[in-house]
Amino acid sequence: MDILETDAYDKRRRRNMSCALLLSLLPFFLSSALYFYLWAPDLVPSVVSAGVKAAPTLLLAMVVLSWNGGQSVLGVAGGLIFSAVGDCCLVWPELFIHGMGAFALAHLLYSVTFLSSRYATYSSSSSSSLNRFLHLVVVIVGGAFYIYLFPFLQKAPNSDLLTPGVGIYFVLITVMAALAIRTGHVATLLGSLIFMVSDASLALQVFKVFPPIEHGHIVVMVTYYLAQLLIAVGDVKAAENKDDFSKWKRS
């Protein structure tokens, strides 16, 4: 098989894999649509409303597991599972701290995964400079947002737990986003940054920084589901690219 035939074969294989991935994501899209159709936040907190909210994230975990295997339980799939636990907890306001803890574990698993050899990249000096700049921006924005939020945390119930807890959480999500920049994977990077936007929007509403915002919860959930989708797709693509690189080295 000559170079042109090999290139054509690789293109067909990538196209087929992209179509297969899209098909495997259909349950996620349908369950997300069901969540917004039922508008679960308007439902009485219950096991059913929690299940409707967590279903899209669990279905993404199943997609990652089906593509990347059981080892992803300690990676992105595991992070998605912990995120689903967090989704369920946040249905009940009194379980907010528990939900935050579940999401903190999810970000920890994402971070560990982004450090793995699957995401190893070989970047030029120009891209390294850009990455350092983006790292600095993410750290400054994350730190500045927590400083801005601090007075409102002090006024919240359970402020003795929330103030340090939210601080630790923001450190973890900022580290996760910084490591996503390091990977050089566009989907992973965008997913991590959008996750920060979603959490910031939620924090502004939960801690009453602004008066109630119309459709504010829609912004939180749309950005949240989009972030998780991009992180999941990025993980599948990272595994695919690693396999391609391994085959290229052996050839």
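What you see is a predicted model; the values in this text were computed from it and never measured. (Residues numbered from 1 in each chain as written. Predicted model: local features only at pLDDT ≥ 70, side-chain atom pairs only at ≥ 80, totals over all residues. Heavy atoms only, no water.)

1. Comments concerning the packing of aromatic side chains
Stage number 1. Here the structure, examined in full by the defined rule, presents 19 aromatic pairs.
Stage number 2. Measuring from centroid to centroid gives 6.4 Å for Phe103 and Phe195, while their planes differ by 80°, and the two rings are edge-to-face. Of the two residues, Phe103 sits in helix H5 (residues 96–114) while Phe195 sits in helix H8 (residues 186–206), which places them 92 residues apart along the sequence.
Stage number 3. You can call Phe103 buried: its relative accessible area is 6%.
Stage number 4. Judged by its relative accessible area of 0%, Phe195 is buried.
Stage number 5. Among the aromatic residues, ring-to-ring pairing joins Phe28, Phe29, Tyr35, Phe36, Trp39, Phe103, Phe195, Tyr224 and Tyr225 into one connected group. (Phe/Tyr/Trp six-rings, centres within 6.5 Å; stacked < 30°, edge-to-face > 60°. Helix = DSSP H or I, 4+ residues; strand = E, 2+ residues; numbered from the N terminus. Buried < 20%, exposed > 50% of the residue type's maximum accessible area, 1.4 Å probe, protein only.)

2. Focus: the confidence of the model for the protein
The predicted coordinates of low-pLDDT regions are not to be read in fine detail.
Stage number 1. In the predicted model, the protein carries a mean pLDDT of 87, and the fraction of residues at 70 or more is 86%.
Stage number 2. In the predicted structure, residues 244–251 sits below a pLDDT of 50 and forms two contacts with residues beyond four places in sequence or in another chain. (pLDDT = per-residue confidence, 0-100. Contact = heavy atoms within 4.5 Å.)

3. Notes on a nonpolar patch on the surface
Stage number 1. Residues Leu22, Leu23, Leu26 and Phe29 make up a contiguous nonpolar surface patch of roughly 390 Å² in combined accessible area.
Stage number 2. Only helix H1 (3–24) and helix H2 (26–38) provide two or more residues apiece to the nonpolar patch.
Stage number 3. When you line up the elements, Leu26 lands in helix H2.
Stage number 4. Residue Leu26 is classed as partly exposed on the basis of its relative accessible area of 42%. (Patch = residues over 30% accessible without salt bridge, like charges linked within 9 Å, V, L, I, M, F, W, Y side chains within 5 Å. Areas by Shrake-Rupley, 256 points an atom, 1.4 Å probe, with all protein chains shown as cover. Salt bridge = Lys/Arg side-chain N within 4 Å of Asp/Glu carboxyl O.)

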